[in-house]
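# Descriptive structure summary
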Amino acid sequence: MPKFTNEDVRALMDKPSQVRNVGLIGAMATGKTSLMDCLGALSGMLAEEKIGEARFTHCRKDEQEKGCTLKANATSLVMGPHKFDEKAGEQKILLSMVDTPGHAEYSAELSVSLPLIDGAIMMVDGSGSGLSAQTSRHLKDLNAWQVRPVVFVNRLDVSINVLEKKAAEIYDDVCQVCDALNTSIAGIEPPFEGGQVFKVTPEDGSVIFGSASNGWAFTLPQIAGIYAKKFGIEVDKMASRLWGGMYFNAKKKLWTNQAGDGAVRAFDQFVMDPLLKVKSVCMAGDFTKLEKMLGALGVTLTADDKKHEGKLLFRRVMQLWMPAGISVTSSVVKHVPNPVAAGKARMP
């Protein structure tokens, strides 16, 4: 992407429907600043290979030395033109991002940011360590200000590359996190009559899965788009089958809500197994097979891409196939209201 200018930002400020004011929220070390790198790469602020290393929102020297965010940081990013919204077609989006500290000692930085944002990306660890104790407090704060959250279930690279978990184990981890989030949300009361308590559901794309530090991510509707035509069903319906107790028997070509007898959980079969197969081919260095697999997905490797090997090759392939910036921006555009719509809902 070409780097945008101040004039591009100013022009989009006059088009509220294409603006989203969003905070990055989560416990310390959940990957918020790495996710800012993903968005920065899509907007032309840094190269993709610098994702997770640049941490470009760490402008202060003490933040750079300590490797963590100490002050809320506001950044304007012009994303696109890209097809972030199926209904709107290709367009540019202005993301007014606020990266907030995760350490409890600096919670006041989040408090003063809440009136400024209409939506939030909540970062959680999906590698099996469960929810942070701060998450419940963050959810209550968001609800009190009627800030609409989407969730980024992070650190799947740890599950795949470090812990080497199987598809079913990864599903158990991410499902447990989503259930825990909605259990916390269920105990929250609306702040005023007519206010909303927002749930997060993977099927509608308000939950993003991926690795912020590696620069890749996906939503279930995004994956469903790959399979919907093959199965002859709508993307939304396919996405709903990729979560929960839905299983598919490949031999019988039959969907069922019962495991066993050749039926495999849809999330394992259609979401995680393809990712794990790509990783296996990358680790083997079989470029002939890899290019055949990626060709079917519309992904092309350059000569520089082919210089990578093993886990670095897998990282690069995933960045090309599922760039985190696109997945996150698409989810935000779909689920976070623009400033005009948000203002009406938040006015009380």
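Residues numbered from 1 in each chain as written. Predicted model: local features only at pLDDT ≥ 70, side-chain atom pairs only at ≥ 80, totals over all residues. Heavy atoms only, no water.

## Some points on the overall build of the protein chain
So the rule is basically this: Put simply, DSSP marks the helices as runs of H or I at least four residues long and the strands as runs of E at least two long, and each gets a number from the N terminus on. The globule rule used for comparison is 2.2 Å times the number of residues to the exponent 0.38, while the radius of gyration itself is calculated over C-alpha atoms. Exposure is judged per residue with a 1.4 Å probe applied to protein chains only, and the accessible area is read against the type maximum: over 50% gives exposed, under 20% gives buried, and values in between give partly exposed. In what follows, a contact means two residues having at least one pair of non-hydrogen atoms within 4.5 Å. In short, Shrake-Rupley with a 1.4 Å probe defines the accessible areas, and a residue's cover is counted only from the protein chains shown. Asp and Glu count as negative and Lys and Arg as positive, but His and the ends of the chain are not part of the count. Taken as the charge centre is NZ of Lys, CZ of Arg, CG of Asp or CD of Glu, depending on the residue.
Scanning the protein chain from terminus to terminus reveals 14 helices and 10 strands. A globule of 348 residues ought to have a C-alpha radius of gyration of about 20 Å, and the protein chain, at 20 Å, matches this closely. When the 348 residues of the protein chain are sorted by exposure, 51% land in the buried category. The contacts in the protein chain between residues at least 6 apart in sequence include a share of 67% that link residues at least 24 apart. A total of about 16,300 Å² of accessible surface is found on the protein chain, and carbon and sulfur atoms cover 51% of it. In the protein chain, 41 side chains carry a positive charge and 39 a negative one; their mean positions are 3 Å apart.

## Quick look at the pairing of strand 5 (residues 148-154)
Quick note on the threshold: By this definition, two strands are paired if DSSP reports at least two bridges between them.
For strand 5, a buried count of 7 out of 7 residues is recorded, marking the element as mostly surrounded by other parts of the structure. Inspection of the sheet shows strand 4 (residues 119-125) paired to strand 5 by 7 bridges, in the parallel sense. Opposite Ile121, over in strand 5, you have Val150 as the bridge partner. Bridge analysis of strand 5 against strand 6 (residues 207-211) gives 3 bridges, and the strand direction is parallel.

## Observations regarding the layout of surface pockets
Inclusion rule: Grid points spaced at 1 Å and placed over the protein atoms alone form the basis of the search, with a cavity being a set where a 1.4 Å probe fits but cannot get out and a pocket an open set showing protein on both sides within 12 Å along at least five of seven lines. Lining residues have an atom within 4 Å of a point. Grid points are joined across faces, edges and corners, and a volume is the space filled by probe spheres set on the points. Residue polarity follows a fixed list, in which Ala, Val, Leu, Ile, Met, Phe, Trp, Tyr, Cys and Pro are nonpolar, Asp, Glu, Lys and Arg are charged, and the others, Gly among them, are polar.
In this structure, the largest pocket spans a volume of roughly 920 Å³. Taken together, 26 residues form the lining of the largest pocket, with Phe84, Glu86, Pro221, Gln222 and Ser330 sitting closest to its centre. Listing elements by their share of the lining of the largest pocket, those giving two or more residues are strand 2 (73-85), helix 8 (220-231), helix 9 (235-241) and helix 13 (324-335). Per element, the largest residue contribution to the lining of the largest pocket is 6 residues, and it comes from helix 13. Within the lining of the largest pocket, the residues separate by chemical class into 10 nonpolar, 9 polar and 7 charged.

## Concerning the pairing of strand 2
Both strand 2 and strand 3 (residues 89-99) contribute to a ladder of 9 bridges, which runs antiparallel. In the sheet register, Asp85 faces strand 3, and the bridge partner there is Gly89.

## Comments concerning the packing of helix 5 (residues 134-144) against helix 7 (residues 167-186)
As a reminder, the rule being used: Convention adopted: a line fitted to C-alpha atoms gives each axis, helices being fitted over their contacting stretch, and angles between N-to-C directions are expressed from 0 to 180 degrees. Roughly parallel covers angles under 35 degrees, roughly antiparallel covers those over 145, roughly perpendicular covers 65 to 115, and oblique covers all other angles. Two helices that cross are described as forming a left-handed crossing if the nearer one is turned anticlockwise from the farther one by less than a right angle, and a right-handed crossing if clockwise.
Between helix 5 and helix 7, the least distance of the axes is 10 Å, while the angle of their chain directions is 50°. Taken together, the axes of helix 5 and helix 7 are oblique relative to one another. Along this stretch, helix 5 crosses helix 7, giving a crossing that reads as right-handed. Facing Thr135, Ser136 and Leu139 of helix 5, the residues of helix 7 in contact are Leu181, Ser184 and Ile185. Here the contact of helix 5 with helix 7 is composed, by residue class, of 3 nonpolar, 3 polar and no charged.

## Quick word on the sheet that holds strand 6
Spatial strand order, 2-3-1-4-5-6-7: 7 strands in an open sheet with mixed pairing. Each edge of the open sheet carries a strand with a single partner, namely strand 2 and strand 7 (216-218). Averaged over all pairs of adjacent strands, the angle between strand axes in this sheet comes to 30°, irrespective of strand direction. Together, strand 1 (19-26), strand 2 and strand 3 form the strand contacts of helix 1 (residues 6-13), whose direction differs from that of strand 3 by roughly 100°. On top of the sheet, helix 2 (residues 32-42) reaches strand 1, strand 2, strand 3, strand 4 and strand 5; it is set at about 50° to strand 2, its chief contact.

## Description of the side chain of Lys165
Defined as follows: In protein, a polar contact requires one atom able to donate a hydrogen and another able to accept it; more generally it is a pair of N or O atoms within 3.5 Å, and residues adjacent in sequence count only if both atoms are side-chain atoms.
Mapped onto the elements, Lys165 comes out in the loop between helix 6 (156-162) and helix 7. Exposure remark for Lys165: the relative accessible area of 19% places this residue in the buried category. Here Ser127 takes part through its backbone oxygen, which lies 3.0 Å from a polar atom of the side chain of Lys165. Once you skip the residues sitting within four places of it in the chain, Lys165 turns out to touch Ser127, Gly128, Ser159, Ile170, Asp173 and Leu276.

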